[in-house]
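If you want the building blocks of each chain, they are given just below.
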Amino acid sequence: MTSDPNRQPALIVVLGDQLSTDSAALRAGSADLDMVLMAEVMDEAQYVRHHKKKIAFVFSAMRHFAAQLEAAGWQVRYVRLDDPANTHSLTGEIERAKHDLNISRAVVTEPGEYRLAQAFSGCEGLHVLPDDRFIASHHEFRQWAEGRKQLRMEYFYREMRRKTGLLMSGDTPEGGRWNFDAENRKPPKSDLFMPRPLETEPDEITQEVLTLVEAKFADHFGTLTPFWFAVTRQGALAALDHFVDVALPQFGDYQDAMLSDEPFLYHSVLAQYLNAGLLSPLEICRRVERAYYDGDAPLNAVEGYIRQIIGWREFVRGIYWLRMPGYIQENYLGAKRPLPAFYWTADTDMACMAAAITQTRDEAYAHHIQRLMVTGNFALLAGIDPVEVHEWYLAVYADAYEWVEAPNVIGMSQFADGGLLGSKPYAASGSYINKMSDHCAACRYDVKQKTGEDACPFNPLYWDFMVRNADQLRGNPRLGHSYRTWDRMTEGKQQDYLDSAQKVLARL
Ligand code: FAD
Ligand code: DLZ
Ligand code: SF4
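Residues numbered from 1 in each chain as written. Chains lettered and ligands numbered in written order. Predicted model: local features only at pLDDT ≥ 70, side-chain atom pairs only at ≥ 80, totals over all residues. Heavy atoms only, no water.

**Here we look at the packing of aromatic side chains**
In this structure the tally under the stated criterion is 36 aromatic pairs. Summarising the aromatic geometry, the rings of Phe141 and Phe156 are spaced 5.2 Å apart at their centres and angled 70° between planes, so their arrangement reads as edge-to-face. Pair noted here: Phe141 is in helix H6 (residues 138–145) and Phe156 is in helix H7 (residues 153–164), with a separation of 15 residues, a long-range link. For the pair Phe141 and Phe156, one class covers both residues: buried. Here the aromatic rings of Phe243 and Phe251 are separated by 6.4 Å at their centres, their planes lie at 90°, and the arrangement is edge-to-face. On the basis of relative accessibility, which here comes to 5%, the residue Phe251 falls in the buried class. An aromatic cluster of three or more residues is present, and its members are Phe221, Phe342, Tyr343, Trp344, Phe378, Trp392, Tyr393, Tyr397 and Phe458. Cation over ring: Lys54 sits above Tyr401, and NZ or CZ is 5.3 Å from the ring centre. Taking the ring centre of Tyr47 as reference, the NZ or CZ of Arg115 above it sits at 3.5 Å. (Phe/Tyr/Trp six-rings, centres within 6.5 Å; stacked < 30°, edge-to-face > 60°. Helix = DSSP H or I, 4+ residues; strand = E, 2+ residues; numbered from the N terminus. Buried < 20%, exposed > 50% of the residue type's maximum accessible area, 1.4 Å probe, protein only. Lys NZ or Arg CZ within 6 Å of the ring centre and 35° of its normal.)

Structure follows, in structure tokens:
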């Protein structure tokens, strides 16, 4: 677009999760000629009722990014939420800007969510460019997926290792293996030194946004302050360095551990920066890889971390675009129960659930195992409608965008896609949570009791889930052991489990 000296000015549309100066749309534009459009709109803040911290993070990062573009010489039309002329939809703002500025051509990097891609496809004169901030394009993923009976992340991940050269020594993976998870996933120890993610002091721009969010979104879920997320690329880079220095070496060992008073453990808490465009996946992985070659972090941690980003993150994006629009409606197990109110209040006697939800409310963050094996596991066992579960996850986490959240929830966590993403449901009784956390010691329920009023609710619910869904799951070879255990129980014991589960479900 820059090469034609006679071309007309264009509108370069930058969305709230496209805050990268090298996004496709900005690369296609010219600071001398074109106008950037950014808009804070109610439609995006409320298509699910996002956590207050998430809205504040996105708005503040958008405002800082607009200032950065202006400093670099771009003209920016920045529409604030409280602008009286705001139409409160992105398509409305594109049309309004085109009209006001007398511009007929607009350019945008493809949005991450299907609903917005659909809305943009109806906008005349809007050119959508592929989002090349990912390692695999849609086309590459489709080609890889085509003709495969099962899509398994591990094989896709190896392709991404070969493509990027990360942790590769020629054609061979570093250390002679692709995956070092056998050395990871230790239970926690409470005397571990616990790092914290880097905390950023809110500046004037962020303070103004916090006031706005408190005024306009007072009834949304979540605690707004203290607010410590970075809101600039520079701040996000500092958070990356901090993670590599203080937490990465132990990331692998304690990846699946949970401790009541430690919301972050050795996790990076970078997903919100990465998904908003403040960091790129490859720069994170190269930084982490360097720590390994410099002898600052062990291979099990570095390989495990890189796998999450070039493996899981790319893989779930591929699945999303392969299977939308139907994917978010899938309900293989026919789960229909409404989401219990305590997902919003944390008012439950289950200590593990109360810890995960309280922390989600306060930080707009929970780490992977809390999302998968606590709140996700409970919803799966209790048979909660996957659409309600999906909408909860999309609303409550600062890193949540549908392209990454939906495959994790609908596929990995709720098995609602029937096993496209994962080979078996992540269903577990209380003993898994007891092994990986310190929650059970302080719980009103007894994790060792299998049935009855004081039994850990996860225990009877696990068997109720297996029995309820036997038609769909009994044939799964990875669940053979569980069904054989069930079959060996006396009828009386089986009935005790099912009766206890009904009591738990009735209380929901
Ligand atoms: P770390 O544990 O430090 O991991 C490093 C990075 O790897 C993350 O920042 C993230 O970019 C990537 N990553 C790790 N696991 C996954 C995964 N399964 N899928 C995609 N990327 C991954 N991640 C999101 O970014 N947005 C979501 O909305 C989201 N929803 C989830 C819902 C459920 C039910 C589950 C089980 C997982 C979800 N995840 C989601 C994946 C993962 O839980 C988060 O990426 C992670 O907890 C973010 O925290 P972190 O940055 O400290 O990650
Ligand atoms: C998440 C979000 C929020 C809360 N607000 C805005 C906004 O006001 N303006 C905007 O351009 N983007 C916002 N976003 C990010 C978008 O929802 C995101 O671009 C789409 O979901 C596509 O991934
Ligand atoms: Fe959670 Fe059950 Fe342990 Fe209580 S006993 S913390 S409900 S796993």
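**Concerning helix H8 (residues 204–216)**
For H8, built from 13 residues, the straight-helix expectation of 18 Å at 1.5 Å per residue is met to within 8% by its first-to-last C-alpha distance of 19 Å. When H8 is considered as a whole, its buried residues turn out to be Thr206, Val209, Leu210, Leu212 and Val213. Along the axis of H8, the buried positions cluster into a sector of 165°, meaning they face one direction only. In H8, the exposed positions angled more than 90 degrees off the buried face are occupied by Glu204, Thr211 and Ala215. Buried residues in H8 make contact with helix H3 (52–71). Two or three places before Ile205, at the start of H8, stands the capping residue Asp203, its side-chain oxygen 3.2 Å from that residue's backbone nitrogen. (Expected span 1.5 Å × (residues − 1). Arc of directions from axis to C-beta. Contact = heavy atoms within 4.5 Å. Polar contact = N/O pair within 3.5 Å; in protein donor to acceptor, adjacent residues only side chain to side chain.)

**Considerations on the domain arrangement of the protein chain**
Partitioning the protein chain into domains gives domain 1 (11–129), domain 2 (138–197 + 247–323) and domain 3 (342–507). Distance from the C-alpha centre of domain 1 to the C-alpha centre of domain 2: 31 Å. At the interface, 12 residues of domain 1 touch 10 residues of domain 2. At the boundary of domain 1 with domain 2, total buried surface from both sides reaches about 780 Å², with 58% on carbon and sulfur atoms. Grouping the constituent residues of the side of domain 1 that touches domain 2 by class yields 5 nonpolar, 4 polar and 3 charged. (Domains from an automatic or database assignment. Buried area = accessible area lost by both parts, 1.4 Å probe. Nonpolar A, V, L, I, M, F, W, Y, C, P; charged D, E, K, R; others polar.)

**Remarks on the site of ligand 1**
What surrounds ligand 1 is a group of 28 residues, the closest being His267, Ser268, Val269, Asn275 and Tyr365. Ser268 is positioned with one of its side-chain polar atoms (N or O) 2.6 Å from an oxygen atom of ligand 1. Those elements that place two or more of their residues in the shell around ligand 1 are helix H11 (271–276), helix H13 (299–323), helix H16 (368–382) and helix H18 (402–413). In terms of residue count, H18 provides more of the shell around ligand 1 than any other element does, 6 residues in total. (Near = heavy atom within 4 Å.)

**With respect to the pattern of salt bridges**
Tallying each qualifying case throughout the model produces 32 salt bridges. Glu214 is the salt-bridge partner of Lys52, the closest N and O atoms lying 4.0 Å from each other. You can see Lys52 sitting in helix H3 and its partner Glu214 sitting in helix H8, a full 162 residues away along the chain. Owing to a relative accessible area of 9%, Lys52 belongs among the buried residues under this scheme. (Salt bridge = Lys/Arg side-chain N within 4 Å of Asp/Glu carboxyl O.)

**Thoughts on the site of ligand 2**
Taken together, 19 residues lie around ligand 2, and Gly16, Asp17, Ala39, Val41 and Glu44 are the ones closest in. Contacts to ligand 2 include Glu113, whose side-chain N or O atom sits 3.2 Å from an oxygen atom. The separation between an oxygen atom of ligand 2 and a polar side-chain atom of Arg115 is 3.1 Å. Burial of ligand 2 by the surrounding chains reaches 100%, relative to a free accessible area of 490 Å². Sorting the residues of the shell around ligand 2 by element identifies helix H2 (42–46), H3 and helix H5 (114–121) as the ones contributing at least two each. No other element matches the 3 residues that H3 contributes to the shell around ligand 2. (Areas by Shrake-Rupley, 256 points an atom, 1.4 Å probe, with all protein chains shown as cover.)

**Examining the pairing of strand E2 (residues 35–39)**
The side chains of a regular strand alternate between the sheet's two faces. With respect to burial, E2 is a largely interior element, 5 of its 5 residues being buried. Residues Met35, Leu37 and Ala39 line one face of E2 and the alternating positions Val36 and Met38 line the opposite face, and both faces are buried. For strand E1 (residues 11–13) and E2, the ladder comprises 3 bridges, and the chain directions are parallel. When the sheet's bridge partners are listed, Val13 is paired in E2 with Leu37. Where E2 and strand E3 (residues 75–79) come together, 5 bridges link them in parallel fashion. Each bridged residue has a counterpart across the sheet, and for Ala39 the counterpart in E3 is Val79. (Pairing = 2+ DSSP bridges.)

**Things to note about the packing of helix H9 (residues 233–246) against helix H12 (residues 281–293)**
Axis separation between H9 and H12 bottoms out at 10 Å; the angle between their running directions is 30°. Between H9 and H12, the crossing angle belongs to the class labelled roughly parallel. You can see that H9 and H12 cross each other, and the crossing is right-handed. Across the interface between the two elements, Arg233, Leu237, Leu240, Asp241, Phe243, Val244 and Asp245 of H9 pack against Glu283, Ile284, Arg287, Val288 and Ala291 of H12. Broken down by class, the residue content of the contact of H9 with H12 amounts to 7 nonpolar, no polar and 5 charged. (Axes fitted to C-alpha atoms, helices over the stretch in contact; angles between N-to-C directions. Parallel < 35°, antiparallel > 145°, perpendicular 65-115°, else oblique. Left-handed = near helix turned anticlockwise from the far one by under 90°.)

**Section: the packing of helix H4 (residues 90–101) against H5**
One can describe the packing of H4 onto H5 by two numbers: an axis separation of 10 Å at closest approach and a directional angle of 35°. Taken as a pair, H4 and H5 cross one another with a handedness that is right-handed. Facing Leu90, Thr91 and Ile94 of H4, the residues of H5 in contact are Leu116, Ala119 and Phe120. Each residue belonging to the contact of H4 with H5 can be placed in one class, and the counts come to 5 nonpolar, 1 polar and no charged.

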